[in-house]
Amino acid sequence: MGHAHVYAHEIMHRGRVPMEPADFVPDWADRPRKAKFHPDAETLPLPATPPHTTPQQPVPGFTLSLLSGMLRDSYGLTGRRLAVQANTDLAALPHYTHANWSRGTASGGGLYPVAVHWAAGPGGPLTPGLYHYAPHQHGLRRLLTGDVTGDVREALGPGAGTAGQATQYLVLGVKYWQNAFKYNSFSFHAVSMDVGALVQTWRLWAAQYGLRIDPVLWFDEERLARLLGVAPEEEGVFAVVPLTWEGGRRPGGGGATGAAARHLDVERSRRVLEFETLRRVHRATEGRAADRPEPGALDAAAAHPPRGAQPQPLPRPPAPPAATTRALRERRSSFGRFDASRPVAAEQLAAALADCAATRYGTEAERPGGPALTSLYAFVNHVEGIAPGAYAYDPAAHTLRPVKAGPPGPFLQRTYFLSNYNLEQAGAVLVPTVRTTAVLDRVGDRGYRLVGGTVGAVAQTFYTTAAAFGLGAGVALGFDNISYIEELGLTGSDEAPLLIMLLGHERPRPADFRHEIA
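As the structure is a computational prediction, the values presented were derived from the model and not from experiment.

Visitor: How would you sum up the overall build of the protein? Please name residues and give values.
Guide: A count of helices and strands for the protein gives 13 helices and 16 strands. What you see for the protein is a C-alpha radius of gyration of 22 Å, in line with the 24 Å of a compact globule of 518 residues. Principal axes of the C-alpha set define a box for the protein whose edges measure 65 × 55 × 55 Å. Taken across its 518 residues, the protein has 57% of its residues classed as buried. Considering only contacts in the protein between residues 6 or more positions apart, those separated by 24 or more positions represent 80%. Entry remark: accessible area of the protein is about 20,800 Å², with carbon and sulfur atoms responsible for 52%. Both charge centroids of the protein, one from 50 positive and one from 48 negative side chains, sit 4 Å from each other.

Visitor: Tell me about the sheet that holds strand E7 (residues 168-175), and please be specific about residues and values.
Guide: Where strands meet in a sheet, backbone hydrogen bonds hold them as pairs that are either parallel or antiparallel. Ordered by their spatial adjacency, six strands build an open sheet running E1-E6-E5-E4-E7-E8, and the pairing between neighbours is antiparallel. At either end of the open sheet lies a strand with only one pairing partner, and these are strand E1 (43-45) and strand E8 (235-242). The sheet shows a mean angle of 30° between the axes of neighbouring strands, direction not considered. Examined bridge by bridge, E1 and strand E6 (residues 139-145) share three bridges and lie antiparallel to one another. Among the inter-strand pairings, Leu44 is bridged to a residue of E6, identified as Leu140.

Visitor: Any details on the pairing of strand E10 (residues 374-380)? Residues and values, ideally.
Guide: Note on strand geometry: in a regular strand, side chains alternate between the two faces of the sheet. Most of E10 is tucked away, with seven of its seven residues classed as buried. Neither face of E10 is left uncovered, since the one carrying Thr374, Leu376, Ala378 and Val380 and the one carrying Ser375, Tyr377 and Phe379 both have all their residues buried. In terms of strand pairing, E10 meets strand E11 (residues 389-394) through four bridges, oriented antiparallel. The residue bridging Val380 from the neighbouring strand is Gly389, located in E11.

Visitor: Describe the environment of Glu267, naming the residues involved and giving the relevant values.
Guide: You can see Glu267 is positioned in the loop between E8 and helix H7 (276-285). Ignoring sequence-local partners within four residues, the contact set of Glu267 consists of Pro32, Arg33, Lys175, Trp177 and Val272. Here Lys175 takes part through its side chain, which lies 2.8 Å from a polar atom of the side chain of Glu267. Only 2.8 Å separates the side chain of Glu267 from the backbone nitrogen of Ser269, close enough to count as a polar contact.

Visitor: Describe the packing of aromatic side chains, listing the residues and the values that go with them.
Guide: Counted by the stated rule, this structure contains 22 aromatic pairs. Taken together, the ring pairs in this structure connect Tyr7, Tyr176, Phe188, Phe238 and Tyr448 into an aromatic cluster. Above the plane of the ring of Tyr75 lies Arg103, whose end atom (NZ or CZ) is 5.2 Å from the centre. If you follow Arg331 out to its NZ or CZ, it ends over the ring of Tyr463, 4.7 Å from the centre.

Visitor: Outline the packing of helix H11 (residues 436-443) against helix H12 (residues 447-468), supporting the account with residue identities and numerical values.
Guide: At a minimum axis distance of 8 Å, the contact between H11 and H12 shows a crossing angle of 140°. Taken together, the axis directions place H11 and H12 in an arrangement best described as oblique. As for the relative orientation of H11 and H12, their crossing is right-handed in sense. Facing Thr436, Val439, Leu440 and Val443 of H11, the residues of H12 in contact are Gly447, Tyr448, Leu450 and Val451.

Visitor: Now, about the nonpolar core: what can you tell me, with residues and values included?
Guide: Residues Phe62, Trp202, Leu349 and Ile500 are the most contacted members of the largest nonpolar core, which totals 129 residues. Filtering out sequence-adjacent residues up to four positions away, Ile500 remains in contact with Tyr416, Leu423, Val429, Leu430, Val431, Gly474, Val475, Ala476, Phe479 and Tyr484. Ala163, Phe219, Leu227 and Leu228 belong to the second largest nonpolar core, which has 24 residues in total.

Visitor: Could you give me a rundown of the side chain of Ser187, with the residues and numbers involved?
Guide: Take Ser187: it is sitting in helix H5 (residues 187-207). According to the relative accessible area criterion, Ser187 is buried, its value standing at 1%. Beyond its immediate sequence surroundings of up to four residues, Ser187 is in contact with Tyr7, Asn179, Ala180 and Leu278.

Visitor: Describe H5, naming the residues involved and giving the relevant values.
Guide: Compared with an ideal rise of 1.5 Å per residue, which puts 21 residues at 30 Å, H5 spans 30 Å between its outermost C-alpha atoms and is within 8% of the ideal. Of all 21 residues in H5, 18 are buried, a share of seventy percent or more.

Visitor: Kindly report on the pattern of salt bridges, identifying the contributing residues and their values.
Guide: Scanning the entire structure with this criterion turns up 26 salt bridges. Measuring nitrogen to oxygen at the nearest pair gives 2.9 Å for the salt bridge that ties Glu235 to Lys36. Separated by 199 residues along the polypeptide, Glu235 in strand E8 and Lys36 in the loop between helix H1 (3-13) and E1 bring together distant segments of the chain. Considered together, Glu235 and Lys36 belong to a single accessibility category, that of buried residues. Notably, a salt bridge pairs Glu267 with Lys175, separated by 2.8 Å at the nearest N-O pair. Of the two residues, Glu267 is situated in the loop between E8 and H7 and Lys175 in strand E7; the sequence distance between them amounts to 92 residues. Given the relative accessible area of 26%, Glu267 is considered partly exposed. One connected set of salt bridges, linked through shared partners, spans Arg16, Asp480 and Glu486.

About the cut-offs
- Residues numbered from 1 in each chain as written.
- Predicted model: local features only at pLDDT ≥ 70, side-chain atom pairs only at ≥ 80, totals over all residues.
- Heavy atoms only, no water.
- Helix = DSSP H or I, 4+ residues; strand = E, 2+ residues; numbered from the N terminus.
- Rg over C-alpha atoms; globule rule 2.2 N^0.38 Å.
- Buried < 20%, exposed > 50% of the residue type's maximum accessible area, 1.4 Å probe, protein only.
- Contact = heavy atoms within 4.5 Å.
- Areas by Shrake-Rupley, 256 points an atom, 1.4 Å probe, with all protein chains shown as cover.
- Lys, Arg positive; Asp, Glu negative; His and termini not counted.
- Charge placed at Lys NZ, Arg CZ, Asp CG, Glu CD.
- Pairing = 2+ DSSP bridges.
- Axes fitted to C-alpha atoms, helices over the stretch in contact; angles between N-to-C directions.
- Polar contact = N/O pair within 3.5 Å; in protein donor to acceptor, adjacent residues only side chain to side chain.
- Phe/Tyr/Trp six-rings, centres within 6.5 Å; stacked < 30°, edge-to-face > 60°.
- Lys NZ or Arg CZ within 6 Å of the ring centre and 35° of its normal.
- Parallel < 35°, antiparallel > 145°, perpendicular 65-115°, else oblique.
- Left-handed = near helix turned anticlockwise from the far one by under 90°.
- Core = buried A, V, L, I, M, F, W, Y, C linked by side-chain atoms within 4.5 Å.
- Expected span 1.5 Å × (residues − 1).
- Salt bridge = Lys/Arg side-chain N within 4 Å of Asp/Glu carboxyl O.

Following this line, the structure appears as structure tokens:
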């Protein structure tokens, strides 16, 4: 049994047995920057993207304009958040240096530790090289000139399939300190979800144009860390995303160069702390191309058949009233603004359940058309036509199976650790579960990153669907996981509830700051 099993156990029990260091207090005055900083690198502005219109037919591949739009709507800054709400950081937000900027992708604690790098090869719009996406400038910082896509292909190894035939790659790294300064040992769990949320945003965005996003998780991580110019113990390389480029060509004869980024990130914090638990789980889950599982390896770790009593049919999900791009621009966390006086329509709950159940991370370890890794449960508080209680969702039949009757509000609030939400006021609370230990048994410790990414992808779908239907939403990790296992009757199974997703109407006419007219 690898260390990822140990870490998974500690995560599930942290509500009852605090993870070390239990007495940790963040040093907010010495926090890191909110993004990487390369002071001497040239920054190339990305083009402005025209208003989105759905094409009549799929496009042949990405262009610089499309990539710019996808980056802007996923990790770019789309507006300032300064609404009256119940989160603990509200007092700091009026100060511009502590401004909270909205992004299309969700992130644990709003910290956004994922670094997006573009290995641009021949046939693209830029000089081949290695670039870093700077979200605050919506530009590309050139870290190295020269075609390094051969290095990426070598790191992917011979079993990467079509990913090994690309000439343009997005490489996703996680700078641990950017999250660990606040969440210490818990940070690895959170950032794994952050990567999945970002990839899912790209999948949703690209699907509008008939383009696919298929992340690769197994590769020579140390080789890519050298290419990015990062210390492997300080930054993990979590995914490589090959891009289909318009007019692109097949790779030429150029192979690996052994090059490394010339411009390196400069840390702001005077003191960077190390956490032994974080170091161990990083080392345990490091990727090697030779360890890549065969397609279908995860079939044995698929979600169990839905359980529960006599199924209750759900209405057919309606088409979302807002397009994906608009939904991403309007996505936000509701932070205490839920209003139980306006119940959620059953059709809206049905749409959220169906969309979340259909979400896949889409990695090379998942067989196309294969079974899902996630199960979905719903605690219903205030939904039209559905009695309060806990339910299991059956995606094949599109029904809810009762698990426990009665209003769940007292349980939900009693087992939530923070003060930024009143869970009883939400219309429903959705809970995705994954058979974490089964995944690790099938594909090894690297599978922990896949588990986190899968759940993060579900959370991003949830946020996007809620925004498309004009509903409030929130995703939280601060709850007693074991109590949810007990409440849902999952004791003795290997299903792990890893986050909770709150859905409901918000209070009308909220006080907000209109940054666009300020």
